[in-house]
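So you can see what is in the structure, the chains are spelled out below.
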Amino acid sequence: MTLAFIRHGQTDWNLNKQLQGSSDIPLNDTGRQQARDAVKTLEGVDWEVIVSSPLSRARETASIIAAGLDIELGPAFDELKERDYGEGEGATAEVIAERWPDHQYPGLESLESVVARGEAALERIDAEFGSRNTLIVCHGTIIRYTLAHLAGRPFDQIRNGSVSTFERDGEAWRVLSVNDEPLTEIVG
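Below is a summary of the structure that appears in this document. Throughout this description, residue numbers start from 1 for each chain and increase along the sequence as written. Only residues with pLDDT of at least 70 get local features here, since the model is predicted, and only at 80 or more are side-chain atom pairs given and counted; chain-wide, interface and lining totals rely on the full set of residues. By convention in this description, side-chain values take in all heavy atoms of the structure and omit both hydrogens and water.

### A few points about the overall build of the protein
A count of helices and strands for the protein gives six helices and eight strands. It is over C-alpha atoms that the radius of gyration is taken, and the globule rule equals 2.2 Å times the number of residues to the power 0.38. The C-alpha radius of gyration computed for the protein amounts to 16 Å, which stays within 12% of the reference 16 Å derived for 188 residues, consistent with globular compactness. By its C-alpha atoms, the protein is 50 × 35 × 30 Å across when sized along the principal axes. Exposed residues in this analysis have more than 50% of their type's maximum accessible area, buried residues have under 20%, and partly exposed residues fall in between, with area computed by a 1.4 Å probe over protein chains only. Residues classed as buried in the protein amount to 49% of the 188 residues present. Two residues form a contact once any of their heavy atoms are found within 4.5 Å. Considering only contacts within the protein whose residues lie at least 6 apart along the sequence, 70% involve residues at least 24 apart. Exposure was quantified through the Shrake-Rupley algorithm and a 1.4 Å probe, taking into account, for residues, occlusion by the shown protein chains and nothing else. Looking at the protein as shown, the accessible area adds up to about 8,800 Å², and 47% of this sits on carbon and sulfur atoms. Numbering goes from the N terminus for both helices and strands, where a helix is a DSSP run of H or I of at least four residues and a strand is a run of E of at least two.

Below you can see the structure in the form of structure tokens.
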């Protein structure tokens, strides 16, 4: 079974460099095009089902990809929501530098919690879809830190619309690519 994380397409908050987190911000037209572009990247693999975070930007991205690949649109999983940035959500870099130069926003979810949710989602998806090649549309932080945990190394920011692949290797997961690039070509 091969799986792929896909980061949702762009939103206006992404465009305006506002911290988005668990706020439910919809895709913009660029984000919809990124979802359509991801279909081209995903062709050539026998994908069978796509699941997502319940946030609208992820769910719409999943719907666009499901239609483009003519595959089943599966359920949304709460565990795949983006990190909760608490009071930092919606803030720009300038506001963050002024109010929270240490990036410790009141109400901030820990990275340990994000990674635990990411791993729990993978176990649920694996249990529900077994050997089916499954696409998972969710969010940058949960993808980045879940993959970093699985691979045992850090990764840069995850781009909107990018694809990162991995597979079950016995009891563990093996990361194959990040941000559309094979893991072997990523300096880290």
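### Digging into the pairing of strand E1 (residues 2-7)
Extensive coverage of E1 is indicated by the burial of five of its six residues. Bridge count between E1 and strand E5 (residues 163-169): five bridges; the pairing is antiparallel. Bridging across to E5, Leu3 finds its partner in Phe166. A pair of strands is labelled paired if DSSP reports no fewer than 2 bridges between them. Here E1 runs beside strand E4 (residues 134-138); their pairing, made up of five bridges, is parallel.

### Things to note about helix H6 (residues 140-151)
For a helix, the expected span equals 1.5 Å multiplied by the number of residues minus one. The end-to-end C-alpha distance of H6 is 16 Å, a good match for the 16 Å that twelve residues give at a rise of 1.5 Å each. Taken together, the buried positions of H6 are occupied by Gly140, Thr141, Ile142, Ile143, Thr146, Leu147, Ala148 and Leu150. The inward-facing, buried residues of H6 contact E1, helix H5 (111-129), E4, E5, strand E6 (172-175) and strand E7 (177-178). Two residues or fewer after H6 comes Gly152, characterised by a positive phi angle close to 70 degrees.

### Looking at the pairing of E4
Of all five residues that make up E4, five are buried, and the element is covered over most of its length. Side chains Thr134, Ile136 and Cys138 project from E4 onto one buried face, and the interleaved Leu135 and Val137 project onto a second face that is buried too. Bridge count for strand E2 (residues 49-52) against E4 is four bridges, and the pairing is parallel. Residue pairing in the sheet places Val49 in a bridge with Thr134 of E4.

### With respect to the nonpolar core
The criterion is simple. A nonpolar core is a set of buried Ala, Val, Leu, Ile, Met, Phe, Trp, Tyr and Cys residues joined through side-chain atoms within 4.5 Å. Counting residues in hydrophobic clusters, the biggest one holds 25 residues, and the most contacted among them are Phe5, Leu80, Ile125, Ile136, Leu147 and Phe166. Setting aside residues no more than four positions away along its own chain, Ile125 makes contact with Leu3, Val51, Phe77, Leu80, Gly130, Thr134 and Ile136. Core analysis: the next-biggest nonpolar cluster, separate from the first, contains 19 residues, Ala4, Val39, Leu42 and Ile71 among them.

### Quick word on the packing of aromatic side chains
The rule is short: rings of Phe, Tyr and Trp, with Trp giving its six-membered ring, pair when the centres are within 6.5 Å, and they are stacked under 30 degrees, edge-to-face over 60, tilted in between. As enumerated under the stated definition, the model contains four aromatic pairs in all. With centroids separated by 5.0 Å and ring planes inclined at 35 degrees, the aromatic side chains of Phe5 and Phe166 adopt a geometry described as tilted. One end of the pair, Phe5, is in strand E1; the other, Phe166, is in strand E5, with 161 residues separating them in the sequence. Each member of the pair Phe5 and Phe166 is classed as buried.

### Overview of the side chain of Glu79
Inspection of the secondary structure assignment puts Glu79 in the loop between strand E3 (72-76) and helix H4 (93-99). For this analysis, a polar contact is any N or O atom pair within 3.5 Å, provided that within protein one partner can donate a hydrogen and the other can accept it, and provided that sequence-adjacent residues contribute only side-chain to side-chain pairs. Side chain to side chain, Glu79 and Arg124 meet in a polar contact 2.9 Å long. Ignoring anything within four residues of it in the chain, the contact list for Glu79 reads Arg117, Gly118, Ala120, Ala121, Arg124 and Ile142.

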